[in-house]
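Structural characterization, general
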Amino acid sequence: MRAVSHVLAFGALALVLFITLVPAHAQTLRVADVTPLQVPADLATLRAQPAIGPTVVGVAPGQQPLTPALLANYVARQNELRAVDVLGLQVPDELTSDVLMGYIARGSINDNSAVSAIASFTSPTRRPEPALNTSMLAAYVETSYQPLEQRLQHADAERDCLAQAIYHEARGESEAGQLAVANVIVNRARSGKFPATLCGVIYQNADKGFHRCQFTFACDGRTDAPGERRAWARSADLAQSVYAEFALGEQVGAVPGSALYYHTTNVSPSWSNTYNAVAEIGSHIFYAPN
């Protein structure tokens, strides 16, 4: 009996150790299969089109030149993509009992009540427009977009026109006197009463005949080629800095922003009596309209 009891005790101990030391096996959970929503055929076709249009073979990604046509096509594609009804749902135009009951059934009593449903139709929350949207981009393409090369050419032309005006109108003046003349040209371009570009201001009416323009050198029949190398270099340097201020919308600061006219001190034009003199720098007097 003693031997049998020892055997039984040893067996019980072994059973306890086996249960304690052997790791438990977690029950395998089967995750329900999820079927992805099928992409509509028209949306898949639209996505497959190249960025520059469905009938043109595109170049490698990242090598496409940014052109008005490319931007306009981007805007058109974005509008088409947003117009695709992926879920096949129609947004209701008015609140009906079916729409209201469906609205309530989809949510909880606290978060999706009939009151909030009615409020969503009577006073819908207006989402803020993003900083850049397709409407703004389309307007930019139509009115303001220029390729980089064209912008650089325009900037070079503007600086050259301004340098010509500084050289021919004030090359004998001090730096302050030259800056004041350039300031008047910038003021005119920003005033809305003259052309909006520096070249347009400087050569306004130059095509209308001898001495019909705003600045004498632009229509006096003489060559505009500078003959004094040092004076031209000085004018070109000043024109570069003034154009940068003009392009960035900064104030030149030599004369008030209202100053649109000037003449030399050795003449007295009739119009000088109708404007307010605002500054006299070197051999020029500067005026602002009343």
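Placed above this text is the structure.
So, a few notes on the structure that sits alongside this text. (Residues numbered from 1 in each chain as written. Predicted model: local features only at pLDDT ≥ 70, side-chain atom pairs only at ≥ 80, totals over all residues. Heavy atoms only, no water.)

Description of the state of the cysteines
Note on terminology: a disulfide is the covalent bond linking the sulfur atoms of two cysteines. Applying the stated rule across the entire model yields two disulfides. Here cysteine 161 is linked by a disulfide to cysteine 199, with a sulfur-sulfur distance of 2.1 Å. Looking along the S-S bond of the cysteine 161-cysteine 199 disulfide, the torsion reads about 100°, which is the right-handed sense. Of the two residues, cysteine 161 sits in helix α7 (residues 148-170) while cysteine 199 sits in helix α9 (residues 198-202), which places them 38 residues apart along the sequence. Judged by its relative accessible area of 10%, cysteine 161 falls in the buried class. Classification of cysteine 199 as buried rests on a relative accessible area of 16%. At a sulfur-sulfur separation of 1.9 Å, the disulfide partner of cysteine 213 is cysteine 219. Disulfide cysteine 213-cysteine 219: torsion about the S-S bond near -85°, hence left-handed. The same class applies to cysteine 213 and to cysteine 219, which are both buried. Going through the protein chain in sequence order and numbering each bonded cysteine, the pairs you get are 1-2, 3-4. (Disulfide = S-S within 2.5 Å. Helix = DSSP H or I, 4+ residues; strand = E, 2+ residues; numbered from the N terminus. Buried < 20%, exposed > 50% of the residue type's maximum accessible area, 1.4 Å probe, protein only.)

Some thoughts on the packing of helix α3 (residues 68-83) against helix α6 (residues 134-143)
Between two packed helices, both the angle of their axes relative to each other and the distance between the axes serve to describe the pair. Remark: α3 packs on α6, axes separated minimally by 9 Å, with the N-to-C direction vectors making an angle of 155°. It follows from the interaxial angle that α3 and α6 lie roughly antiparallel. Of the two possible hands of crossing, α3 and α6 adopt the one that is left-handed. Here α3 contributes Pro68, Leu71, Ala72, Tyr74, Val75, Gln78 and Asn79 to the contact with α6, which in turn contributes Thr134, Leu137, Ala138 and Val141. Along the lines of polarity and charge, the residues of the contact of α3 with α6 split into eight nonpolar, three polar and no charged. (Axes fitted to C-alpha atoms, helices over the stretch in contact; angles between N-to-C directions. Parallel < 35°, antiparallel > 145°, perpendicular 65-115°, else oblique. Left-handed = near helix turned anticlockwise from the far one by under 90°. Contact = heavy atoms within 4.5 Å. Nonpolar A, V, L, I, M, F, W, Y, C, P; charged D, E, K, R; others polar.)

Observations regarding the nonpolar core
Judged by nonpolar contacts, the single largest core of 36 residues is most densely connected at Leu162, Ile185, Leu198, Val242, Val255 and Phe286. Of all the elements in the fold, those that place two or more residues in this core are α7, α8 (175-191), α9, α10 (229-248), β1 (261-264) and β3 (284-288). Not counting the four nearest positions on each side in its chain, valine 255 is found in contact with Ala180, Asn183, Val184, Asn187, Ala279, Ile281 and Phe286. Counting five residues, the second largest nonpolar core, distinct from the first, contains Val75, Leu137, Val141 and Tyr145. (Core = buried A, V, L, I, M, F, W, Y, C linked by side-chain atoms within 4.5 Å.)

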